[in-house]
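# Descriptive analysis of the structure
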Amino acid sequence: MKLLSPAISRLARMRSWRIENWTNNPIDTQREVLQGLVAAAQYTEFGKKYNFNDTFSIRGFKENVPIHEYNDLKPYIERMMNGEENILWNTPIAWFAKSSGTSSDKSKFIPVSNESLNDNHYQASKDVLTTYYSNFPSSDLLTGKSLVVGGSHQISKVADVQYGDLSAILMQNSPFWGQWLRTPELSVALLDEWENKIEQLAQATSEENVTSLAGVPTWTLLLLKRILQIRGKATIKEVWPNLELYIHGGVSFIPYREQFDKIIGGDINYLEIYNASEGFFAGQELPDDDSMLLFTEHGIFYEFMPVEEYGKPNPQTIGLKKVELEKNYALVISTNGGLWRYLVGDTVRFTSLDPYKIKVSGRLKHYMNAFGEEVIVDNADKAIAIAAEKTNAIVNDYTAAPVFFSEKNNGAHEWLIEFDRAPNNLKQFTIELDSALKSINSDYEAKRYKDIALRLPIVKALPAGTFKEWLRSKGKLGGQHKIPRLSNERTIVEEILLMTHA
């Protein structure tokens, strides 16, 4: 493998010209992507219904095809899972990425075609690797093993299709050279029962030469702590001295950065990607810029819905030409897996228009706006990080929801927080959290003025492992599942409080 890895790294560097081409010509690239998608699907059932054979422009496409949420496409997807072909996409679909809504027990099954695997997920992965080598040309990344803290997959009982977490599908279908560069063996990496999986991963990898890690921060930290226990070491760098990269995504890394710095115990590069079940959308381009380059040539056509349009009978979207900096947009995609004008549910904001770079700012349905305060996940993550820094605390995870008006009290936000290191004074942490939110969000500041609508937040410290137990109770332990950070309803908060008798 040491002989093979330098050759792969040279090939990765040679891809730079292709990245430069679509980065410098994003509008034309996106037009070509849509033309290719429509041409491929014109004889599918969906394509015939919406006249793809007569669709020759972006405007025509938007006029013909309505915006869809999952439940709109669900009847098509269920037929595909039963073995029907040529429904949403023109090639057979053998894989479905299982994506659970964290506030619901129901799962979404996102079709994953060969085209979406090869032209989206794997191409984007290669572009991330190319960019990394451009930034760190002397990297030894591929002289060791990559450890992905991913999910599981299982055989569907209906027809000859398989479903599972996206990470498991990518591992199962990765090219031969990907198998050589990964640890542990596939049978361990795809284990289903999460607690046993963490133990097996730790036992199988603690003696390997691991040079890169990837996974959701919460579960990755659990694995790293177990590896330190097994090896009797103080830091991960003592276990894996050649570890140089951690790839993360799915949630903001801000609340976890200090914990990773501490447990790794040495220099390491952090790289954020935006890789969802629906597609690989963006990846961090520069080490000192935590925004992500939008991937425009990877089988996905993007539209951007101003968040105020959400919920309207005929919501309007705009293309890349008209997006504005620092404005929140809901992401709408059409893909080479058969999703058409699909509302992903995430919100993004642009940090650069040349090239187009984004940050994930939250979820359409994960926010607090019970009193007109419009607190989004991006606000909350930053405020939590500021409060933790000022009170010498380390936050593992959190969730928050509004407390509504009563006869005796005005409204408030209730925050349930698991600390890795609790603040010496929880009241001071609460004050710092409130102050940070005021500085970040003018609507929140206005509602907090003289406690007119909102009083001081209510912060409750939870016992270690509470969120893990809540996820277990929902059958969502491990993989890509995570605690919803914010909600405008109190269901999750009430369930957790009931568990802890708080």
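Refer to the structure presented above.
Below you will find a few notes about this structure. Quantities reported herein were computed from a predicted structural model and do not represent experimental measurements.

What follows covers helix α15 (residues 377–391). Between its first and last C-alpha atoms α15 spans 21 Å; for 15 residues at 1.5 Å apiece the expected length is 21 Å, and the two agree. Most of α15 sits out of view: 11 of its 15 residues are buried. When α15 is considered as a whole, its buried residues turn out to be Val377, Asp378, Asn379, Ala380, Asp381, Ala383, Ile384, Ala385, Ala387, Ala388 and Thr391. Tucked into the core, α15 has its buried residues touching β14 (342–353), β15 (356–363), β17 (375–376), β18 (394–403), β19 (412–421) and α16 (426–440). At the C-terminal side of α15, Asn392 shows a positive phi close to 60 degrees.

The next point concerns empty space enclosed by the protein. Counted by the stated rule, this structure contains 5 cavities of 30 Å³ or more. Reported here for the largest cavity is a volume of approximately 80 Å³. If you go around the largest cavity, the residues you meet are Thr131, Tyr132, Asn135, Phe136, Leu245, Asn269, Tyr270, Leu271, Gln284, Glu285 and Pro287. Those elements that place two or more of their residues in the lining of the largest cavity are α7 (114–135), β9 (269–276) and β10 (279–286).

Our focus in this paragraph is the pairing of β19. For β19, a buried count of 8 out of 10 residues is recorded, marking the element as mostly surrounded by other parts of the structure. Judged from the 5 bridges that link them, β19 and strand β20 (residues 458–462) form a sheet pairing that is parallel. From the neighbouring strand, Ile417 faces β20, where its bridge partner is Ala461.

This part covers the packing of α7 against helix α8 (residues 166–173). Taken N-terminus to C-terminus, the directions of α7 and α8 make an angle of 110 degrees; their axes are 12 Å apart at the nearest point. Taken together, the axes of α7 and α8 lie roughly perpendicular to each other. Between α7, through Leu117, His121 and Tyr122, and α8, the contact on the second element is made entirely by Leu166, Ile169, Leu170 and Asn173.

This paragraph deals with the sheet that holds strand β6 (residues 182–183). With mixed pairing, 11 strands are arranged side by side in an open sheet as β6-β3-β7-β8-β9-β10-β11-β15-β14-β13-β12. At either margin of the open sheet sits one strand with a lone partner, and together these are β6 and β12 (300–306). Bridge count for β14 against β15 is 7 bridges, and the pairing is antiparallel. In the sheet register, Ser352 faces β15, and the bridge partner there is Lys357. Sitting on the sheet, helix α3 (residues 26–41) touches β12, β13 (328–335) and β15, and the angle it makes with β12 is about 110 degrees.

What counts and how
- Residues numbered from 1 in each chain as written.
- Predicted model: local features only at pLDDT ≥ 70, side-chain atom pairs only at ≥ 80, totals over all residues.
- Heavy atoms only, no water.
- Helix = DSSP H or I, 4+ residues; strand = E, 2+ residues; numbered from the N terminus.
- Expected span 1.5 Å × (residues − 1).
- Buried < 20%, exposed > 50% of the residue type's maximum accessible area, 1.4 Å probe, protein only.
- Contact = heavy atoms within 4.5 Å.
- 1 Å grid on protein atoms, 1.4 Å probe; cavity = no way out; pocket = protein on both sides within 12 Å on 5 of 7 lines; lining within 4 Å.
- Points joined across faces, edges and corners; volume = space filled by probe spheres on them.
- Pairing = 2+ DSSP bridges.
- Axes fitted to C-alpha atoms, helices over the stretch in contact; angles between N-to-C directions.
- Parallel < 35°, antiparallel > 145°, perpendicular 65-115°, else oblique.

Just geometry here; none of it tells us what the structure is for.
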